[in-house]
Amino acid sequence: MEAYECIVSKRDTRAYLDKPLDEEELRKVLQAGRMAGSSKNTQPTRLILFRQRKRLEEVAACAKFSQHLPAAAAAIAICLPSTGSDFDAGRAAQNMMVAAWSMGIASCPCSMHDQECVRKTLGLPEDYRVVVVLALGYPDPKVSMHLGKRRVEMDELVHEERWSG
Ligand SMILES: Cc1cc2nc3c(=O)[nH]c(=O)nc-3n(C[C@H](O)[C@H](O)[C@H](O)COP(=O)(O)O)c2cc1C
């Protein structure tokens, strides 16, 4: 898929086929996360790849809006130390989701509302937190790819030169 088409067609998709991810594709997804730039090249982000059903369910139980997580083929927890910037984690996350989509793998982030729960479940070191968990899987063609929410209009999004005046 052409890069621009891949970026603008990516939707956060919550229904997946019961089919394991191709290992080579998964490695490419992780590599896309690894290559994300970071502030001062500090590379603070760490990833936990997990795919055992029980673990997916346990992590889902640490979140409020995680119905899609147990059915994912795999998940990647994006972890940061207390000194790390969410922007760095966000770059790695979007890199991975877009790279995944270029290979036909759908994804949806999942916010972790109970940090103690997810830290314990995934065995994080003391100083780390989970910024977000990415659920990944081949999309189920029988289910709509997204919830149909529109984006803000371009003239509301973009201000030229100054916000006002
Ligand atoms: C930081 C972040 C956290 C999110 N957390 C959740 C979540 O916990 N559960 C969920 O179902 N979707 C979650 N989403 C997905 C958003 O709902 C989604 O990006 C938005 O609805 C746009 O979806 P679309 O790309 O399909 O239009 C999250 C997205 C982001 C960026």
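That block above? That's the structure.
Residues numbered from 1 in each chain as written. Predicted model: local features only at pLDDT ≥ 70, side-chain atom pairs only at ≥ 80, totals over all residues. Heavy atoms only, no water.

**A short note on helix α2 (residues 23–34)**
Taking 1.5 Å per residue, 12 residues should reach 16 Å; α2 reaches 16 Å between its end C-alpha atoms and fits that length. For α2, the full list of buried residues reads L26, V29, L30, A32 and G33. Seen along its axis, α2 keeps its buried residues to an arc of 155°; they face one direction. Looking at α2, the residues exposed on the side facing more than 90 degrees away from the buried face are E24, R27 and R34. Between a side-chain oxygen at the N-terminus of α2 and the backbone nitrogen of E24 the separation is 3.1 Å; the capping residue is D22. (Helix = DSSP H or I, 4+ residues; strand = E, 2+ residues; numbered from the N terminus. Expected span 1.5 Å × (residues − 1). Buried < 20%, exposed > 50% of the residue type's maximum accessible area, 1.4 Å probe, protein only. Arc of directions from axis to C-beta. Polar contact = N/O pair within 3.5 Å; in protein donor to acceptor, adjacent residues only side chain to side chain.)

**Topic: the state of the cysteines**
In protein structure, a disulfide is the covalent linkage between the sulfur atoms of two cysteines. Counted by the stated rule, this structure contains 1 disulfide. Between the sulfur of C62 and that of C117 lies a disulfide, 2.0 Å long from S to S. Residues C62 and C117 are joined by a disulfide whose S-S torsion is about -65°; by sign, that bridge is left-handed. With C62 in the loop between α3 (53–60) and β2 (74–81) and C117 in helix α5 (residues 115–122), the pair connects residues that are 55 residues apart, well separated along the chain. (Disulfide = S-S within 2.5 Å.)

**Quick notes on the pattern of salt bridges**
Evaluated as defined, the whole model comprises 7 salt bridges. Two residues, R51 and E23, come together in a salt bridge whose shortest N-O distance is 2.6 Å. Taken as a pair, R51 in the loop between β1 (46–50) and α3 and E23 in helix α2 lie far apart in primary sequence, 28 residues in all. A residue is classified by how much of its surface remains accessible, and R51, at 35% relative accessible area, is partly exposed. What makes E23 partly exposed here is its relative accessible area of 40%. A salt bridge links R119 to E116, with the shortest nitrogen-to-oxygen separation between them at 2.9 Å. Of this pair, R119 and E116 both sit in helix α5, 3 residues apart, which is roughly one turn of the helix. Residue E116 is classed as exposed on the basis of its relative accessible area, which comes to 52%. (Salt bridge = Lys/Arg side-chain N within 4 Å of Asp/Glu carboxyl O.)

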